[in-house]
Amino acid sequence: MNEQTSTQIELTADQILDAALDLAQQQDNWYDFNLTDLANHCGTSINAIRQHYPDTNAIANAWFARALEAMLVELDDEMQSLPVKSRLELIVWRWFEALAPYHRLTAQMLGAKLHPPHVHHWVPMIFDLSQLVQLWRDAAGLHTGGRRRQIEEIVLTSIFVRTLCSWCRDNSAEQSNSHAKLLELLDKADRASSFWFHDQAA
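Residues numbered from 1 in each chain as written. Predicted model: local features only at pLDDT ≥ 70, side-chain atom pairs only at ≥ 80, totals over all residues. Heavy atoms only, no water.

## Concerning the side chain of H103
Then, in step 1: Residue position: H103 is located in helix α8 (residues 103–114).
Then, in step 2: Looking at H103, the relative accessible area reads 10%, which means it is buried.
Then, in step 3: A polar atom in the side chain of H103 sits 2.5 Å from the backbone oxygen of W167.
Then, in step 4: Beyond its immediate sequence surroundings of up to four residues, H103 is in contact with W167, C168, D170 and Q175. (Helix = DSSP H or I, 4+ residues; strand = E, 2+ residues; numbered from the N terminus. Buried < 20%, exposed > 50% of the residue type's maximum accessible area, 1.4 Å probe, protein only. Polar contact = N/O pair within 3.5 Å; in protein donor to acceptor, adjacent residues only side chain to side chain. Contact = heavy atoms within 4.5 Å.)

Structure representation (structure tokens):
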């Protein structure tokens, strides 16, 4: 065992993710980000990195999973008493706020996933989007089934995607323009289909 191997730092998945985010932000180029540079930055080996993240897309997925955890933190009693539209806004904006510290980098990650040669990432993204919307509904207290559930999922998916597209290009302070866009879309949906924003029994 050589000296470099014996002195390698053992890192947790969270530590590697944090290091990857910091390094990628310094480089400002997620498209060319690679595990070799990350391993050198962390003082460890590629194999040690791969035990947690087999590729850079897995690192991106972990970053979005962290945002999802932040989104799903349980609402306190005061928040649970808010109207459904307000709960929907509060919950999903947590997701965007969690990603905001690496706003430009996050937009680059999404761009890399959507890059034409990366078509193998598209289907998982669709499933991830569907899961996010379903969890968003559940956390906001929307528990209907059948056609009403389908309508809610379609409307909320459209709202999320349109807000996300705005957010990725938003250079306003704390992405306030995108937050306003989210509120506008929720308000329009409420006026157009008010029945699905009413409080529902679990």
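## Thoughts on a negative patch on the surface
Then, in step 1: A cluster of acidic residues, E74, D76, D77 and E78, forms a negative patch at the surface.
Then, in step 2: Within the secondary structure, D77 sits in helix α6 (residues 77–80).
Then, in step 3: You can call D77 exposed: its relative accessible area is 66%. (Patch = residues over 30% accessible without salt bridge, like charges linked within 9 Å, V, L, I, M, F, W, Y side chains within 5 Å. Areas by Shrake-Rupley, 256 points an atom, 1.4 Å probe, with all protein chains shown as cover. Salt bridge = Lys/Arg side-chain N within 4 Å of Asp/Glu carboxyl O. Lys, Arg positive; Asp, Glu negative; His and termini not counted. Charge placed at Lys NZ, Arg CZ, Asp CG, Glu CD.)

## Here's the deal with the nonpolar core
Then, in step 1: W30, L38, I59, W95 and W136 are the most contacted members of the largest nonpolar core, which has 52 residues in total.
Then, in step 2: Sorting the residues of this core by element identifies α2 (13–27), α3 (35–42), α5 (56–71), α7 (84–99), α8, α9 (122–140), α10 (146–168) and α11 (176–192) as the ones contributing at least two each.
Then, in step 3: Ranked by the residues each element gives to this core, the list is headed by α5, at nine residues.
Then, in step 4: Those residues in contact with W136 that lie beyond four places of it in its chain are M71, L88, I91, V92, L156, I159 and F160. (Core = buried A, V, L, I, M, F, W, Y, C linked by side-chain atoms within 4.5 Å.)

## So, the packing of aromatic side chains
Then, in step 1: Within the structure shown, the criterion is met by eight aromatic pairs.
Then, in step 2: An angle of 70° between the planes, with centres 5.1 Å apart, marks the rings of W95 and F160 as edge-to-face. With W95 in helix α7 and F160 in helix α10, the pair connects residues that are 65 residues apart, well separated along the chain. Grouping residues by exposure puts W95 and F160 together as buried. (Phe/Tyr/Trp six-rings, centres within 6.5 Å; stacked < 30°, edge-to-face > 60°.)

## What about the confidence of the model for the chain?
Then, in step 1: Residue-level pLDDT values for the chain average 89, and 87% of them are 70 or greater.
Then, in step 2: Note on residues 1–6: pLDDT is under 50 here. Beyond four places in sequence and across chains, it has one contact. (pLDDT = per-residue confidence, 0-100.)

## A few points about the side chain of T163
Then, in step 1: Take T163: it is sitting in helix α10.
Then, in step 2: Residue classification places T163 among the buried positions, given a relative accessible area of 0%.
Then, in step 3: Only 2.7 Å separates the side chain of T163 from the backbone oxygen of I159, close enough to count as a polar contact.

## Quick look at the packing of α5 against α7
Then, in step 1: Running from amino to carboxyl end, α5 crosses α7 at an angle of 140°, the nearest separation of the two axes being 8 Å. In terms of axis orientation, α5 runs oblique to α7. The element α5 and its partner α7 pack so that their crossing is right-handed. Along its contact with α5, which presents W63, F64, A67, L68, A70 and M71, the element α7 presents I91, V92, R94, W95, A98 and L99. (Axes fitted to C-alpha atoms, helices over the stretch in contact; angles between N-to-C directions. Parallel < 35°, antiparallel > 145°, perpendicular 65-115°, else oblique. Left-handed = near helix turned anticlockwise from the far one by under 90°.)

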